[in-house]
Amino acid sequence: MRYEISQNAYIKLVLHALKHKTSAVNALLVGRLVPGAHGEDGLVDVVDSVPLFHSVLQIGLLPCLEIALLQIEEHYGDQGLSIVGYFNANERFDDDELSNVAKNIGDHIYRYFPQAAILLLDNKKLEALPKAKDRSPVMQLYTREASRNWKLAGSDGSSRLLAKEPTANVLLLDFISSKKWSEIVDFDDHLDDISRDWLNPGLFK
Amino acid sequence: MVCKAEQTELNRLESQVDHGGGGAWEYLTLIRKLKVRRSDDVVKYGSPILNDPKKRSALGDDEWTLYEQVAIAAMDCQRLDIAKDCVKALQKKFPESRRVGRLQALLLEAKGLWEEADNTYSNLLEDNPLDQVIHKRRVAIAKAQGDNLKAIESLNKYLEIFMADHDAWRELAESYVSLQMYKQAAFCYEELLLSHPTVPLHHLAYADVLYTLGGLENLQTAKKYYASTIDLTKGTNTRALYGICQCASAINQLSKGRNKDDKDELHFLAATALEKEYKRRAPAKLALLSASLKSFKLS
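Residues numbered from 1 in each chain as written. Chains lettered and ligands numbered in written order. Predicted model: local features only at pLDDT ≥ 70, side-chain atom pairs only at ≥ 80, totals over all residues. Heavy atoms only, no water.

1. A look at the packing of aromatic side chains
Any two aromatic rings considered together are summarised by their centre-to-centre distance and by the angle between their planes.
Then comes step 1: A full pass over the atoms with the stated rule returns 10 aromatic pairs over all chains.
Then comes step 2: Between Tyr158(B) and Phe162(B) the ring centres are 4.8 Å apart and the planes differ by 35°, which places this aromatic pair in the tilted class.
Then comes step 3: Counting every residue linked through ring pairs, the aromatic cluster contains Phe53(A), Phe187(A) and Trp198(A).
Then comes step 4: Lying across the ring of Tyr110(A), Arg144(A) places its NZ or CZ 3.9 Å from the centre.
Then comes step 5: Residue placement shows Lys285(B) over the ring face of Trp198(A); its charged tip is 4.8 Å from the ring centre. (Phe/Tyr/Trp six-rings, centres within 6.5 Å; stacked < 30°, edge-to-face > 60°. Lys NZ or Arg CZ within 6 Å of the ring centre and 35° of its normal.)

Okay, here's the thing in structure tokens:
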């Protein structure tokens, strides 16, 4: 199963993580399943993302997550899109484990979208980005196996995460140097001040 | 935690300094006073002052406070060269100081030399067994190494001695939440509610934890604490207003209408308050709010 992430969705996720460097952050992935032709595996098209929270309490507790899920499903449902995955960045630089909270939320999304994915920010890859000139997303992809475990997509090629636009990382680096991450609004910010829009409509204008 | 007025003042000063309008020292002083974490700015605006002998001597004794502030900020930004210089200057001025000793151990932490840092703190503790900052740094070392259970164990031991340290109780609660140990987190918030009953964030966090735990009794208590949050914040807290609706919906589902004699109108009031706020300040999102409230509708 291939997972393609659009430039805007991808950049929002990383900028959000950079805005809140000292804590864990999470986000929801929005998109659709594109069925494959002639019985081939399809692809999951991650069209957009919504940054959610940047504090341990909001990530690990239920109420605000429920509100976010409701409103995001409602908003994107009109466009024929649904929640297709979850993004998570850990608090510590050298922590590359998928947390239990992430797995639980992933399980919940899986119930409604069986090709659900969890993306984990790869801190080391992000750090190396300016020099590495890599086109692949700075994230690790986890998908759910039949055994109900979340498995890291590895070199066996069974699942793959690709950037839809080859310029994604170039644009990302540009935004990082111009400190664009300060403009990102997440659901946490919205709940603190409802006039702030978690859709980030003006971010890429 | 910073209130809105303080946040506005901080941003104003930041903007002023950023555009060359001076006021760096005022900005740095406010950062120190409010204990906010703006390490990039502290290094950016503090270093030039320290590197200029004229500006430095103009500060008088505050020079050493600035050295300490920049040292810690530099460590936060991994600018260990700057941090080392600051700590060296402080050590020269205050050779036998415990405060400088703590900074030296902090520098070891910044370098990732956890064992050396921990040993340095142990030694410092021998002469100063009741130094709270040192105890908490050792908890921080456990956290930085990803050993959440050890951090929790150390925090619990710390709180047995310093049970009035409400920041530590909050830190412990958050550590429990990150490990999904919600019952233990609830206990921490109960302690905080006893000692600081008028802080709305404690009521809100306690309600969130109870809602997450679930079960009829917890939901009913959660509803009460969302209500007290609303009371303490004069109805301006969006999360608490949503919380009331969510609790009412969940309680109704669990009790399957058995509590028909519960004449509680609270969720209708909360829903109306939310609609009013969204109409006023986020009209584009009003439809989404209405959809959410519909899904909480109690039939």
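2. Considering the interface of chain A and chain B
Then comes step 1: The interface of chain A with chain B comprises 31 residues on the first partner and 33 residues on the second.
Then comes step 2: Regarding the contact of chain A and chain B, the summed buried area is about 2700 Å², with carbon and sulfur atoms giving 58% of it.
Then comes step 3: A per-residue breakdown of the area chain A buries against chain B is headed by Leu61(A), Pro63(A) and Ile194(A), which together make up 22% of the total.
Then comes step 4: Here chain A and chain B share four salt bridges between them.
Then comes step 5: Note that Asp193(A) and Arg281(B) form a salt bridge whose closest N and O atoms lie 2.6 Å from each other. (Contact = heavy atoms within 4.5 Å. Buried area = accessible area lost by both parts, 1.4 Å probe. Salt bridge = Lys/Arg side-chain N within 4 Å of Asp/Glu carboxyl O.)

3. Focus on the pairing of strand 5 (residues 117–121) of chain A
Residue and element names in this part refer to chain A.
Then comes step 1: With respect to burial, strand 5 is a largely interior element, five of its five residues being buried.
Then comes step 2: Neither face of strand 5 is open: one carries Ala 117, Leu 119 and Leu 121, the other Ile 118 and Leu 120, and all of them are buried.
Then comes step 3: Here strand 4 (residues 82–89) runs beside strand 5; their pairing, made up of four bridges, is parallel. Bridge pairing in strand 5 links Asn 88 to Leu 120.
Then comes step 4: Between the parallel pair strand 4 and strand 5, the chain is carried across by helix 4 (residues 100–112), and the sense of this crossover is right-handed.
Then comes step 5: Strand direction decides the pairing type here: strand 5 and strand 6 (residues 139–144), joined by five bridges, are antiparallel. Within strand 6, the position partnered with Leu 121 by the bridge is Met 139. (Buried < 20%, exposed > 50% of the residue type's maximum accessible area, 1.4 Å probe, protein only. Helix = DSSP H or I, 4+ residues; strand = E, 2+ residues; numbered from the N terminus. Pairing = 2+ DSSP bridges. Right-handed = clockwise from strand over helix to strand, strands pointing away.)

4. Quick word on the environment of Gly112(B)
Residue and element names in this part refer to chain B.
Then comes step 1: In this structure, Gly 112 sits in the loop between helix 7 (98–110) and helix 8 (114–127).
Then comes step 2: In this structure Gly 112 comes out as partly exposed when scored by relative accessible area, which is 30%.
Then comes step 3: Each C-alpha atom of the pair Gly 112 and Gln 145 lies 9.1 Å from the other, and the pair is 33 residues apart in sequence.

5. Quick look at the sheet that holds strand 4 of chain A
The pairing of strands in a sheet comes from backbone hydrogen bonds and takes either a parallel or an antiparallel form.
All names here are of chain A.
Then comes step 1: Within the open sheet, the eight strands sit side by side as 7-6-5-4-2-3-1-8. Their pairing is mixed. Only two strands of the sheet have a single partner each, and these edge strands are strand 7 (150–152) and strand 8 (160–163). Ignoring strand direction, the axes of neighbouring strands in this sheet form an average angle of 30°.
Then comes step 2: Of the strands in this sheet, strand 2 (25–34), strand 3 (43–53) and strand 4 are in contact with helix 3 (residues 63–77), which crosses strand 3 at around 135°. (Axes fitted to C-alpha atoms, helices over the stretch in contact; angles between N-to-C directions.)

6. Remarks on the environment of Asp122(A)
Residues and elements named next belong to chain A.
Then comes step 1: Note on placement: Asp 122 falls in the loop between strand 5 and helix 5 (123–132).
Then comes step 2: On a C-alpha basis, the gap between Asp 122 and Asn 90 in space is 9.2 Å, while along the polypeptide they are 32 residues apart.
Then comes step 3: Apart from the residues within four sequence positions on either side, Asp 122 is in contact with Val 138, Met 139 and Gln 140.

7. Description of unusual backbone geometry
Residues and elements named next belong to chain B.
Then comes step 1: Positive phi, normally seen in glycine, also occurs at Lys 35, with a value near 60°.
Then comes step 2: You can see Lys 35 is positioned in the loop between helix 2 (24–34) and helix 3 (39–51).
Then comes step 3: The exposed category is assigned to Lys 35, whose relative accessible area is 75%.
Then comes step 4: Here the phi dihedral of Gln 78 falls at roughly 60°; this positive angle occurs in a residue that is not glycine.
Then comes step 5: For Gln 78, the location among the structural elements is in the loop between helix 5 (62–76) and helix 6 (80–93).

8. A word on the packing of helix 1 (residues 4–18) of chain B against helix 2 of chain B
For any two helices packed against each other, one specifies the crossing angle of their axes together with the interaxial distance.
Residues and elements named next belong to chain B.
Then comes step 1: Across the interface, helix 1 lies against helix 2 with an axial gap of 9 Å and an inter-helix angle of 150°. One way to sum up the angle between helix 1 and helix 2 is to call them roughly antiparallel. Read as a crossing pair, helix 1 and helix 2 show a hand that is left-handed. Residues Glu 6, Glu 9, Leu 10, Leu 13, Glu 14 and Val 17 of helix 1 form the contact with helix 2, whose own contacting residues are Ala 24, Glu 26, Tyr 27, Leu 30, Ile 31 and Leu 34.
Then comes step 2: Residue composition of the contact of helix 1 with helix 2, by class: eight nonpolar, no polar and four charged. (Parallel < 35°, antiparallel > 145°, perpendicular 65-115°, else oblique. Left-handed = near helix turned anticlockwise from the far one by under 90°. Nonpolar A, V, L, I, M, F, W, Y, C, P; charged D, E, K, R; others polar.)

9. Some details on the pattern of salt bridges
When their charged atoms lie close together, side chains carrying opposite charge are able to pair.
Then comes step 1: Enumeration according to the criterion identifies 29 salt bridges over all chains in this entry.
Then comes step 2: Put simply, Asp118(B) and Arg138(B) hold a salt bridge, and the shortest N to O gap is 3.0 Å. Taken together, the residues span a long stretch of sequence, with Asp118(B) in helix 8 and Arg138(B) in helix 9 (residues 132–144) at a distance of 20 residues.
Then comes step 3: Of the charged contacts in the structure, one is a salt bridge between Lys157(B) and Glu153(B), with a shortest N-O distance of 3.6 Å. Linking Lys157(B) with Glu153(B), this pair stays in helix 10 (residues 148–161), spanning four residues, or about one helical turn.
Then comes step 4: It is possible to trace a salt-bridge network through shared partners that takes in Asp193(A), Glu277(B), Arg280(B) and Arg281(B).

10. Observations concerning the packing of helix 1 (residues 7–19) of chain A against helix 6 (residues 168–177) of chain A
Residue and element names in this part refer to chain A.
Then comes step 1: Two elements in contact, helix 1 and helix 6, have axes separated by 10 Å at closest approach and are oriented at 35°. Relative to helix 6, helix 1 is oriented so that their crossing is right-handed. On helix 6, the residues that touch Gln 7, Tyr 10, Ile 11, Val 14, Leu 15 and Leu 18 of helix 1 are Ala 168, Asn 169, Leu 171, Leu 172, Phe 175 and Ile 176.
Then comes step 2: Tallied by class, the residues present in the contact of helix 1 with helix 6 amount to 10 nonpolar, two polar and no charged.

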